[in-house]
Amino acid sequence: MLSISNILHAYGEHVSLKNVTLEVEPGEIVCLLGPSGCGKTTLLRIIAGLEATAQGQIMFAGVDIGDTPVHQRQFGLMFQDFALFPHMNAADNIAYGLRRRGFPRRLIAGEVESLLERVGLGDLGDRDISSLSGGQQQRVALARSLAPKPRLLMLDEPLGSLDARLRDQLALELRQIIKDEGLSAIYVTHDHREAYAVADKIAVMNIGKVEQVDTPRGLYRRPKSAFVAEFLGMRNIFDSERSSFARRIASEALLHDANTKTVLIHPAGIQIEKATASKSLRFDGVLTSAVFRGDYFDVCVSLQDETALRFSNPTLPAQIGEAVSIAIALDAVIALEG
């Protein structure tokens, strides 16, 4: 549906996007994920027509839309601050865009009522915006974006101003609503957990480039670079030129590629047990820290060569300072780029 090819963008001498290429399939939710300043919002604005490119092409449904004005692209936009009109109630905020686009008055009231129901605000249409909670305002903003029946929905950090508990809940609701509407969507976020919950596909961006594109599960299981692994919160990344542990574990996992310099020990493939007789891919160490997180513990184990491994474990089989045995699954050892 949407094909972005070799997009280059700069602010003065600062290059913000470097030959970015990305595709969005019909009915697909694609998350642009990355830290502040990586270029994800700039890319969203370029797709929307709010920013011009130095080079590159944007195709939508087979048509080059690079010179198409914003209002003619028929894309829906939703931003972090919601940009709702405080002097209007919820229903009027949703109806505003429909009136601007010349929808017949006899149809607007029914469409607004239907949208309020779809976003879970069926009985709040006459409420002032200031009297609504942050989550309710977010739903009004979403309904307003959906009202003109956009060809593509674009959301820029739509949950960024909400607290963590509400973000988790609304991320799931957002995904379900977008799917129910049958829309394609581009969703910008800096939170990888939010991206996991919302996306069909995630594009991780770093310094103006797309580092990796994959499904949430594929991205989590097989990050390609040290940057992606670190951004996803994985900490067991070792330089095989400096770490004898990394060289040994790479050899055990049969990572014979001569270019394998950086090694990730995926946290999902590590288990901690009481010290036992040495076995294949088992390492003796000492439990140095453990933080209770409810359903699991965040633990750190220092191995005999002082390598520190950090991971989550469902139980705590030893006390701080006690000897433990670490078991590492072969498929948890991943060669990274960079």
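Look up a bit, the structure's there.
Report follows, based on the coordinates. Because the structure is predicted, anything quoted here is derived from the model rather than measured. (Residues numbered from 1 in each chain as written. Predicted model: local features only at pLDDT ≥ 70, side-chain atom pairs only at ≥ 80, totals over all residues. Heavy atoms only, no water.)

Some words on the nonpolar core
Taken as a class, soluble globular proteins show a tendency for nonpolar side chains to be buried jointly.
Part 1: Counting residues in hydrophobic clusters, the biggest one holds 53 residues, and the most contacted among them are L142 and L155.
Part 2: Take this core: its biggest share by element is 6 residues, from helix α6 (residues 164–181).
Part 3: Not counting residues within four places of it along the chain, the set of residues in contact with L155 comprises L44, M78, L142, L174, I178, A185, I186, Y187 and V188.
Part 4: One finds V20, V24, I47 and F60 within the second-largest nonpolar core, a separate group that totals 25 residues. (Core = buried A, V, L, I, M, F, W, Y, C linked by side-chain atoms within 4.5 Å. Buried < 20%, exposed > 50% of the residue type's maximum accessible area, 1.4 Å probe, protein only. Helix = DSSP H or I, 4+ residues; strand = E, 2+ residues; numbered from the N terminus. Contact = heavy atoms within 4.5 Å.)

Remarks on the pattern of salt bridges
Part 1: In total, this model carries 11 salt bridges according to the counting rule given.
Part 2: E173 is the salt-bridge partner of R139, the closest N and O atoms lying 2.7 Å from each other. With R139 in helix α5 (residues 134–146) and E173 in helix α6, this pair connects stretches of sequence that are 34 residues apart.
Part 3: For R139, a relative accessible area of 14% puts it in the buried group.
Part 4: Under the relative-accessibility criterion, E173 is labelled partly exposed at 27%.
Part 5: One network of salt bridges, with partners in common, ties together E111, R118, K149 and E181. (Salt bridge = Lys/Arg side-chain N within 4 Å of Asp/Glu carboxyl O.)

Some thoughts on unusual backbone geometry
Part 1: At Q74, a position not held by glycine, the phi torsion is positive, near 60°.
Part 2: Assignment of secondary structure puts Q74 in the loop between α2 (70–73) and β6 (75–79).
Part 3: Even without being a glycine, I207 presents a positive backbone phi close to 50°.
Part 4: With respect to the helices, strands and loops of the structure, I207 is situated in the loop between β9 (201–206) and β10 (209–214).
Part 5: Of the residues examined, I207 reaches a relative accessible area of 53% and is grouped as exposed.

Things to note about the pairing of strand β1 (residues 2–11)
Part 1: Pairing analysis gives 5 bridges linking β1 to strand β4 (residues 55–60), with the strands arranged antiparallel. Directly across from L2, in β4, lies its bridge partner F60.
Part 2: As judged from the 7 bridges shared by β1 and strand β2 (residues 14–24), these two strands associate in the antiparallel manner. Considered in β2, the bridge of L2 is made with V24.
Part 3: Between the end of β1 and the start of β2, which pair antiparallel, lie 2 residues, with G12 showing a positive phi angle near 65°. (Pairing = 2+ DSSP bridges.)

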